[in-house]
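Below are the chains, spelled out letter by letter.
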Amino acid sequence: MAEYAKIRIENLCKKWGKVVAIKDMNLSIEEGDFVTLLGPSGCGKTTTLRAIAGLEEPTGGKIYLNGKLVFSKEEEIVVPPAKRNLGLVFQSYALWPHMTVFENIAFGLKIKKLPKDEIRKMVFAVLGDVKLEGYEKRYPQELSGGQQQRIAIARMIINRPDIYLLDEPLSNLDAKLRVDMRAELKELHQKSGATTVYVTHDQVEAMTMSSKICIMKDGIIHQVGSPEEVYRKPADLFVADFISNPKMNFFEAAVTTENNKRVINAAGFKLKIGPEMLGPEEKVKVAVRPEDFVITDNGTEYTVVNQLPAGSSSIVIAGRGGEKISLLFEGNFKVAVGSKLRLSVKEGLFNLFNLKTGKRIY
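The rules we used
Residues numbered from 1 in each chain as written. Predicted model: local features only at pLDDT ≥ 70, side-chain atom pairs only at ≥ 80, totals over all residues. Heavy atoms only, no water. Pairing = 2+ DSSP bridges. Helix = DSSP H or I, 4+ residues; strand = E, 2+ residues; numbered from the N terminus. Axes fitted to C-alpha atoms, helices over the stretch in contact; angles between N-to-C directions. Phe/Tyr/Trp six-rings, centres within 6.5 Å; stacked < 30°, edge-to-face > 60°. Buried < 20%, exposed > 50% of the residue type's maximum accessible area, 1.4 Å probe, protein only. 1 Å grid on protein atoms, 1.4 Å probe; cavity = no way out; pocket = protein on both sides within 12 Å on 5 of 7 lines; lining within 4 Å. Points joined across faces, edges and corners; volume = space filled by probe spheres on them. Nonpolar A, V, L, I, M, F, W, Y, C, P; charged D, E, K, R; others polar.

A. Just the sheet that holds strand S13 (residues 261–266), in detail. Taken together, five strands build an open sheet; the order of strands is S14-S13-S12-S15-S20 and the sheet is antiparallel. Sheet topology places strand S14 (269–272) and strand S20 (351–354) at the edges, where each strand pairs with a single neighbour. Across this sheet, the average inter-strand angle for adjacent strands is 40°, counted without regard to direction. Of the pairings in the sheet, the one linking strand S12 (residues 249–258) to S13 comprises five bridges and is antiparallel in character. Within the sheet, the bridge partner assigned to glutamate 258 lies in S13 and is lysine 261.

And the structure:
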């Protein structure tokens, strides 16, 4: 591990008039990390990526790459993009239509005036990395969207940059191609070990590809953590709700005391908590993921309202009084509308949030 973060952002801000795109951002990305900037449209993730690349000048703050200060408004330091040794891939592939695949990939190397034999060797090696051997004489318009994206990635990695920056590179692909390309990008990252910053609004992409996820909203980072951390221990209600497919179940509840033990009664479910965690009568927001309910003989009775089969799993909507919950069952689970299910929450698999601040308590 390097003595410094590969990318370090300190108090970064970006404003357009009164519109704040990034607000006092602090973020460290270690060497070899695959960090995804995740959030809804307009949350500032692309602006952050462009600021790292040098394509967007922030309003304030500092950016370090490899321990070197590349941007500081205060010190008037702005290192241009070409001198940051970065590789960029955007949503649009930006391939030269009049150049062959070989020429598109080799373009940057020719500008560096490398020997022809070396260029040829490097291009054919990278074509192997992106699984496009034999396509070197074709033109971009003769390729599928997935193949064009591979060429854009090949053009990035052939220059051996220190850092890869990718801005929603798979959003133009159909569902099956996206799944295939996720696997290929993850494999490429594992093979190269390159520090990667990846922008997406797709939580499935973030969860399956990242070593860390940075979840943003309105230019503010709400949580940085591993996929498991942001899923199982969301920092606040926004993260819990955003990393949620099917939708997480939320209930308002009060803490009570039964037999000298703290208990939360939420939508008919009794959840045990430690006595040191919350005071009696304190109100909280309870969150339970759809897969964390289990059918038990002594559970709370709910009535099946709807079922949504999803191939390898099934989403069930169940109701009790005015309360509806989403359940997720793996495999070929079938249940008739109107059926009764007795449900319990799996031991300890729930989150508690402060009702006023929205911050996670447990």
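B. Molecular detail of the packing of aromatic side chains. Counted by the stated rule, this structure contains eight aromatic pairs. Consider the rings of phenylalanine 34 and tyrosine 198, whose centres lie 5.6 Å apart with planes at 40°: the pair is tilted. On the criterion of sequence distance, the pair formed by phenylalanine 34 in strand S3 (residues 34–38) and tyrosine 198 in strand S9 (residues 195–200) is long-range, its members being 164 residues apart. Residues phenylalanine 34 and tyrosine 198 agree in their burial class; the two are buried. Both rings, one in phenylalanine 329 and one in phenylalanine 333, keep their centres 4.1 Å apart while their planes meet at 20°; by these two values the pair is stacked.

C. Representation of the layout of surface pockets in the model. Here the largest pocket is characterised by a volume of approximately 710 Å³. Around the largest pocket, the lining comprises 24 residues; the ones closest to its centre are Leu86, Leu88, Gly108, Arg155 and Asn159. When residues of the lining of the largest pocket are traced back to their parent elements, those giving at least two are strand S7 (86–89), helix H2 (101–111) and helix H4 (145–157). By residue class, the composition of the lining of the largest pocket is 16 nonpolar, six polar and two charged. The volume enclosed by the second largest pocket comes to roughly 300 Å³. Together, 18 residues line the second largest pocket, and Lys270, Leu271, Lys272, Val345 and Glu347 are the ones closest to its centre. Considering each element in turn, the lining of the second largest pocket owes the most residues, four residues, to S14. A class-by-class count of the residues in the lining of the second largest pocket yields eight nonpolar, six polar and four charged.

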